[in-house]
Amino acid sequence: MPPLIVAARHAIKCSALRTSYRTRYASSLSLKETLAEIIPAKREQLARVRKEYGQTVLGDIKVENVIGGMRGLKALLWEGSLLDPNEGIRFHGLSIPEVQKVLPAARGGKEIIAESMFWLLITGKVPTEEQTRRLSQQLAENGALPQYVKDILDAFPRTLHPMTQLGMGVAALNHDSRFVKAYDRGVLKSEYWTYALEDSLDLLAKLPSLAARIYRNVHRPDLKLPDLDKNQDLVGNYATLLGYGDNDGMKEYLRLYIALHGDHEGGNVSAHTSHLVASALSDPYISYSAALFGLAGPLHGLANQEVLRWILSMKDAVGENASNEQIKDYLWSTLKSGRVIPGYGHGVLRDPDPRFIALQNFCEVRPELQDSPIIQLVKKTSEVAPGVLRQHGKTKNPNPNVDATSGCLLYHYGLTEFNYYTVIFGVSRALGCLAQIVWSRALGLPIERPKSITLGAIEEFAIKA
Ligand code: CMX
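(A) Examining the overall build of the protein more closely. Within the protein, the secondary structure is distributed over 21 helices and two strands. Its C-alpha radius of gyration of 22 Å places the protein within 12% of the 23 Å reference for a compact globule of 465 residues. Summarising its shape, the C-alpha atoms of the protein cover approximately 65 × 65 × 55 Å along the three principal directions. Looking at the 465 residues of the protein, the share that counts as buried comes to 51%. Taking contacts inside the protein between residues at least 6 apart in sequence as the whole, the part at least 24 apart equals 77%. About 21700 Å² of surface is accessible on the protein, with carbon and sulfur atoms providing 54% of the total.

What follows is the structure, given as structure tokens:
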């Protein structure tokens, strides 16, 4: 079918979708009121599923799953999104192009914003513009850091990795956790979610100030950190704090980046970590802090930093207008040295990552990116690398993931300090992790306690079987 017809059909489908979501859900309720309305039905659903299907088998556990990082085991409850190996992520059933159509953007912007993505993740509903604006205002009003947190951040050595600083700063905010205070007062378990929500909104509100202060302390001592603007969205404020208030391209890119990285179902290291830690009734701050330390690993969130480092070395080695042959040779030299190609492959996905496609589409429509050597090199590499990785024959998915391009766009817009990139991912991933923590408390999910087994016990069991 010609691409124009495909695009037109898609536009009609999305417009119908937007209308159906709006009419089904449009309301003037606050986020908390919306959740209070949904929670009883979800609790009933959980009770029904447990009663009627509690003994239904969802899959086998093979020895290869146990020694292979639990790949493929359906063993976690996660509400915000579901990852299909071929189609990629869907947020409450909506694909990335669909959320780009239906979720409210910032005033004067085109890209979806963190607030509307958070609303969708936590309620499964599309917020109205009015609901989104009110949430933005609420976050901006609560975004200033307490003095003790500023003091802690300012005391860190500049050489301490920004992700370590972010994790510690987030954990320190639990000093004022309403969840902890409510738990100590002995509030009813059925009410836990309201305090988890308050902490989550407080943390979301403060993340831009926290992350921007770290950027200033580590990289840009000259940076002013103005008060948050109550008429700006969360990421608009974050961009301003980072010194990009007047850079429309960067602001829009950050909005898209942060919304798209918000959630990627529950089994990835950061999401699973926050879920696990929160299951011990640890408050949202320390639970998310733990997640950040998982995100800081090079096979997970640090990959965007690694990609940029690698692309820049390739640019040095092959020049700005490299041929496909030169790129191929460079890819092989990386593989032959025993390293992975950063930004390629995935633990679950088996096709190109739709988040990568969304970022590439962003590049296609922004005139300032057409002549960017780094963006062009990323594009060419994405055309050559899958063939090389297929021939290499190891990875189950030779296609680009979102990190293949995410850091390169930051670099293009002038944010050239690689070791800060994962902090931006950390601001984003809070959306999904915190949404799930609220649901875990609303549904009264128990403490996680899977059974572990020794290698010897596996062998013994397998021989008998
Ligand atoms: N380059 C070279 N080899 C790769 C590879 C890549 N990009 N991706 C996977 N492989 C190799 C693995 O190292 C593994 O080799 P061994 O058998 O020697 O250990 C083999 O292929 C099979 O791996 P897999 O099952 O395809 O992938 P995994 O689930 O084990 O790992 C991931 C997934 C993402 C860690 C891996 O693809 C990788 O290291 N990619 C590069 C880093 C990266 O881009 N990370 C970002 C992930 C995005 C996200 O977190 O959302």
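(B) Spatial organisation of the site of the ligand. With respect to spatial proximity, 20 residues lie near the ligand, and among them Ile341, Gly343, Tyr344, Lys394 and Lys396 are the closest. Here an oxygen atom of the ligand sits 3.4 Å away from a polar atom, N or O, in the side chain of His346. The contact in question runs from an oxygen atom of the ligand to an N or O atom on the side chain of Thr395, over 3.2 Å. Notes on the ligand: free accessible area 900 Å², of which the protein chains cover 76%.

(C) How the structure looks around the pairing of strand E2 (residues 88-91). Where strand E1 (residues 81-84) and E2 come together, four bridges link them in antiparallel fashion. Note that in E2 the partner of Ser81 across the bridge is Phe91.

(D) Just the pairing of E1, in detail. Burial of the side chains of E1 is restricted to one face: Ser81 and Leu83 are buried, whereas none of Leu82 and Asp84 on the reverse face is. Counting the residues that bridge the hairpin from E1 to E2 gives three residues.

(E) Broad picture of the nonpolar core. With 130 residues, the main nonpolar core has Leu166, Tyr238 and Leu415 as its most contacted residues. At 16 residues, the largest contribution of residues to this core is made by helix H10 (residues 192-218). If we skip the residues at most four places from it in the chain, Leu415 touches Tyr215, Leu242, Tyr244, Met250, Leu410, Tyr420, Tyr421 and Ile424.

(F) The arrangement of the pattern of salt bridges in detail. If you walk through the whole model with that rule in mind, you get 19 salt bridges. Put simply, Asp222 and Arg220 hold a salt bridge, and the shortest N to O gap is 3.2 Å. Taking the relative accessible area as the measure of exposure, Asp222 reaches 49% and is therefore partly exposed. The salt bridge involving Lys464 is made with Glu460; its shortest N-O contact spans 4.0 Å. On the criterion of helical spacing, the pair formed by Lys464 and Glu460 is a turn pair, its members being four residues apart in helix H21 (residues 455-464).

(G) Looking closely at the side chain of Asp283. Locating Asp283 in the fold gives a position in the loop between helix H13 (269-278) and helix H14 (284-295). At 2.8 Å, the side chain of Asp283 and the backbone nitrogen of Tyr285 are in polar contact. Other than its neighbours up to four places away in sequence, Asp283 contacts Asn174, Ser177, Phe179, Val180 and Asp199.

(H) Structural detail: helix H2 (residues 31-53). Compared with an ideal rise of 1.5 Å per residue, which puts 23 residues at 33 Å, H2 spans 31 Å between its outermost C-alpha atoms and is within 8% of the ideal. By the largest-angle criterion, Ile39 marks the main kink of H2, which is about 30 degrees, and a proline, Pro40, follows within four residues.

(I) How the structure looks around a nonpolar patch on the surface. Where nonpolar side chains cluster on the molecular surface, the patch consists of Ile61, Val63, Val66, Ile67, Ile453 and Leu455 and spans about 600 Å² of accessible area. Top element by residues in the nonpolar patch is helix H3 (residues 63-67). It accounts for three residues. Take Ile453: it is sitting in the loop between helix H20 (421-442) and H21.

(J) Representation of the packing of H2 against H20 in the model. Taken N-terminus to C-terminus, the directions of H2 and H20 make an angle of 55 degrees; their axes are 10 Å apart at the nearest point. When the interaxial angle is binned, H2 and H20 end up oblique. Here the hand of the crossing between H2 and H20 comes out right-handed. Along its contact with H2, which presents Leu35, Ile38, Ile39, Lys42 and Arg43, the element H20 presents Val438, Trp439 and Ala442. Classifying every residue of the contact of H2 with H20 gives six nonpolar, no polar and two charged.

(K) Spotlight on the side chain of Arg441. Mapped onto the elements, Arg441 comes out in helix H20. No salt bridge is formed by the buried Arg441; the nearest opposite charge belongs to Glu448, separated by 9.0 Å. For Arg441, the contacting residues outside a window of four places in its chain are Phe179, Lys189, Tyr192, Trp193, Ala196, Ala278, Ser279 and Leu281.

(L) Structural detail: unusual backbone geometry. The phi dihedral of His92 falls on the positive side, at around 45 degrees, and the residue is not glycine. As for its position among the elements, His92 is in the loop between E2 and helix H4 (96-102). Phi is positive for Glu265, which is not a glycine, with a value near 50 degrees. Examined against the element boundaries, Glu265 turns out to sit in the loop between helix H12 (248-260) and H13.

(M) The packing of helix H8 (residues 162-172) against H14, seen in detail. Interhelical geometry of H8 versus H14 gives an angle of 170 degrees and a closest axis separation of 8 Å. When the axes of H8 and H14 are compared, the pair comes out roughly antiparallel. Of the residues in H14, those touching H8 at Met163, Thr164, Leu166, Gly167, Met168, Val170 and Ala171 are Tyr285, Ile286, Tyr288, Ser289, Leu292, Phe293 and Leu295. Looking at the contact of H8 with H14 residue by residue, the class counts come to 11 nonpolar, three polar and no charged.

Scoring rules and cut-offs
- Residues numbered from 1 in each chain as written.
- Predicted model: local features only at pLDDT ≥ 70, side-chain atom pairs only at ≥ 80, totals over all residues.
- Heavy atoms only, no water.
- Helix = DSSP H or I, 4+ residues; strand = E, 2+ residues; numbered from the N terminus.
- Rg over C-alpha atoms; globule rule 2.2 N^0.38 Å.
- Buried < 20%, exposed > 50% of the residue type's maximum accessible area, 1.4 Å probe, protein only.
- Contact = heavy atoms within 4.5 Å.
- Areas by Shrake-Rupley, 256 points an atom, 1.4 Å probe, with all protein chains shown as cover.
- Near = heavy atom within 4 Å.
- Polar contact = N/O pair within 3.5 Å; in protein donor to acceptor, adjacent residues only side chain to side chain.
- Pairing = 2+ DSSP bridges.
- Core = buried A, V, L, I, M, F, W, Y, C linked by side-chain atoms within 4.5 Å.
- Salt bridge = Lys/Arg side-chain N within 4 Å of Asp/Glu carboxyl O.
- Expected span 1.5 Å × (residues − 1).
- Bend = angle between axes of the 7 residues up to and from the residue.
- Patch = residues over 30% accessible without salt bridge, like charges linked within 9 Å, V, L, I, M, F, W, Y side chains within 5 Å.
- Axes fitted to C-alpha atoms, helices over the stretch in contact; angles between N-to-C directions.
- Parallel < 35°, antiparallel > 145°, perpendicular 65-115°, else oblique.
- Left-handed = near helix turned anticlockwise from the far one by under 90°.
- Nonpolar A, V, L, I, M, F, W, Y, C, P; charged D, E, K, R; others polar.
- Lys, Arg positive; Asp, Glu negative; His and termini not counted.

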